[in-house]
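Structural features, examined
Residue-level listing of the chains:
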Amino acid sequence: MIKKVSVVGAGTMGNGIAHVFAQNNFIVNLIDISPEKLESALRNISKNLDRQIAKDIITEEVKKNSLTNISTFTSIKNGIAGADIVVEAVTENPELKLKIFKEIDEHAPAAAILATNTSSISITKIASVTKRPEKVIGMHFMNPVPVMKLVEIINGFLTEPAVTQMVTELSKQLGKVPCVVSDYPGFIANKILMPMINEAISSLYEGIAGVEEIDTIMKLGMAHPMGPLQLADFIGLDVCLSILKVLFEGFGNPKYAPCPLLINMVTAGKLGVKTGEGFYVYKPGDKNLIVSKQFAK
């Protein structure tokens, strides 16, 4: 039975994952090399719990217990001691993930499951740097984690069925809906989503329509809650580019080639919400867009 969870990485996804585990009465160790990121993560978790209180989703007591369930560490070795499962949630960088998984594998209890929140990188490749590939699995949460119901569970080539079953049941305990998929570039969520986003960017690049027109057509015509360009800003244009590169390299198909406009925007540091400007301009610290950017046709 899984009772103690270690989450490696205290960014947006990491603190969201720590939040949902803690809220569901798991003991959580949140790990990051940056004390400042850990402090920021705890503040964000507290704010998100307050939002749930305001919507009558949880009580003040649940918030108090949730925060009590979380401990912070700056050392992987110390933070994963006694863990039943370790969930890695660092930035979508293959070299960094492989390095961290080697360290996790070295110090995690022998029986511990090692999960990664990667949105596109091969689970089999990540598992190959460990001595327990049968216990490595993908556990891809959606952003924002406390709100989104889906968990995409990805089996590596050697993942044991018993591990898949445990992680599936664990996801249900978190109030999530697990969907099990196979380990191929982009899995299912991003294999379908990223080409759509890339096509929207290409349509803008080719001058077929403007930012707001593209997003409005997809929202009103296809019943999407958010247009693809606004969604790209929310995800992070650098993350979109990284995933498209994984798809392009993995399948060798030109349909996954990133649009030149996306490449240029990432190179220029216009990454979306997190930098205050992407396809839209944002207020500092606010995900609500102000106005769409104008792009030359």
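Below or above, wherever it landed, is the structure these notes cover. Only a predicted model underlies this, so the values are computations on that prediction, with no experimental measurement involved. (Residues numbered from 1 in each chain as written. Predicted model: local features only at pLDDT ≥ 70, side-chain atom pairs only at ≥ 80, totals over all residues. Heavy atoms only, no water.)

1. Some remarks on the overall build of the chain
The criterion, for reference: A run of H or I in DSSP becomes a helix once it reaches four residues, and a run of E becomes a strand once it reaches two; helices and strands are each numbered from the N terminus. Each radius of gyration reported is based on C-alpha atoms, and the globular scaling rule is 2.2 Å times the count of residues to the power 0.38. The protein chains shown are the only cover counted for residues, whose accessible areas, like all others here, come from Shrake-Rupley with a 1.4 Å probe. Positive charges come from Lys and Arg alone, negative charges from Asp and Glu alone, with His and the N- and C-terminal ends not counted. Positions of charges follow a simple convention, taking NZ of Lys, CZ of Arg, CG of Asp or CD of Glu.
Across its full length, the chain carries 12 helices and 10 strands. The C-alpha atoms of the chain give 19 Å as radius of gyration, which agrees with the globular expectation for 297 residues (19 Å, within 12%). In terms of overall dimensions, the chain has C-alpha extents of about 55 × 45 × 35 Å along its principal axes. With the model as given, the accessible surface of the chain reaches about 14,400 Å², and the carbon-plus-sulfur share is 56%. With 30 positive and 29 negative side-chain charges, the chain shows a separation of 2 Å between the mean positions of the two kinds.

2. Quick notes on the packing of aromatic side chains
The description of an aromatic ring pair rests on the distance of the ring centres and on the angle between the ring planes. For clarity, the threshold we go by: By convention, a stacked pair of Phe, Tyr or Trp rings (six-membered ring in the case of Trp) has centres within 6.5 Å and planes under 30 degrees apart, an edge-to-face pair has planes over 60 apart, and any other such pair is tilted. Burial here depends on accessible area, computed with a 1.4 Å probe over protein chains only, as a share of the maximum for the residue type. Under 20% is buried, over 50% is exposed, and the range in between is partly exposed. Any Lys NZ or Arg CZ that is within 6 Å of a ring centre and within 35 degrees of that ring's normal is treated as a charge sitting over the ring.
With the rule as written, the count across this model stands at 3 aromatic pairs. Residues Phe21 and Phe26 carry aromatic rings whose centres are separated by 5.4 Å and whose planes lie at 90° to one another, so their mutual orientation is edge-to-face. Note on accessibility: Phe21 and Phe26 belong to one class, buried. Pairwise contacts between aromatic rings join Phe21, Phe26 and Phe141 into one cluster. Lying across the ring of Phe251, Lys191 places its NZ or CZ 5.3 Å from the centre.

3. Focus on the sheet that holds strand 2 (residues 27-31)
The following threshold applies: The criterion for strand pairing is that DSSP finds at least two bridges linking the strands in question. Here, axes are lines fitted to C-alpha atoms. For helices the fit covers the stretch in contact, and angles between N-to-C directions go from 0 to 180 degrees.
Read from one edge to the other, the open sheet built from 8 strands follows the order 3-2-1-4-5-6-7-8, with strand pairing classed as mixed. Strand pairing shows two members of the sheet lacking a second neighbour, strand 3 (70-73) and strand 8 (177-182), which therefore form its edges. For this sheet, the mean angle separating the axes of adjacent strands, direction not counted, is 25°. Looking at chain direction, strand 1 (residues 4-8) and strand 2 are connected through 5 bridges and run parallel. Bridge assignment links Lys4 to a residue of strand 2, and that residue is Ile27.

4. Considering the nonpolar core
Quick reminder of the rule: The nonpolar core is taken to be a set of buried Ala, Val, Leu, Ile, Met, Phe, Trp, Tyr and Cys residues, with the residues joined through side-chain atoms within 4.5 Å. By definition in these notes, contact holds between two residues if any of their heavy atoms fall within 4.5 Å.
Phe21, Ile85, Met139 and Phe141 are the most contacted members of the largest nonpolar core, which totals 35 residues. If one sorts the elements of this core by residue count, helix 1 (residues 12-23) sits on top with 6 residues. With residues near it in sequence (within four places) discarded, Met139 still touches Phe21, Ile85, Val87, Ala115, Thr116, Asn117, Val151, Glu152, Val167, Leu170 and Ser171. Within the second largest apolar cluster, 27 residues are counted, among which are Tyr256, Leu262, Val266 and Tyr282.

5. Overview of a positive patch on the surface
Filter applied, for reference: Patches were defined on residues exceeding 30% relative accessible area and lacking a salt bridge, with like-charge contacts within 9 Å and nonpolar side-chain contacts (Val, Leu, Ile, Met, Phe, Trp, Tyr) within 5 Å. The salt bridge criterion pairs a side-chain nitrogen of Lys or Arg with a carboxyl oxygen of Asp or Glu, the two atoms within 4 Å.
A cluster of basic residues, Arg43, Lys47, Arg51 and Lys55, forms a positive patch at the surface. If you trace the backbone, Arg51 turns up in helix 2 (residues 35-54).

6. A word on the pattern of salt bridges
Scanning the entire structure with this criterion turns up 7 salt bridges. Here Arg132 makes a salt bridge to Asp105, at a shortest N to O gap of 2.7 Å. Of this pair, Arg132 sits in the loop between helix 6 (123-127) and strand 6 (136-141) while Asp105 sits in helix 5 (residues 94-107), and the two are 27 residues apart along the sequence. The buried category is assigned to Arg132, whose relative accessible area is 7%. The network of salt bridges with common partners includes Glu88, Glu92 and Lys97.

Everything listed is a geometric property; what it means functionally is a separate question.
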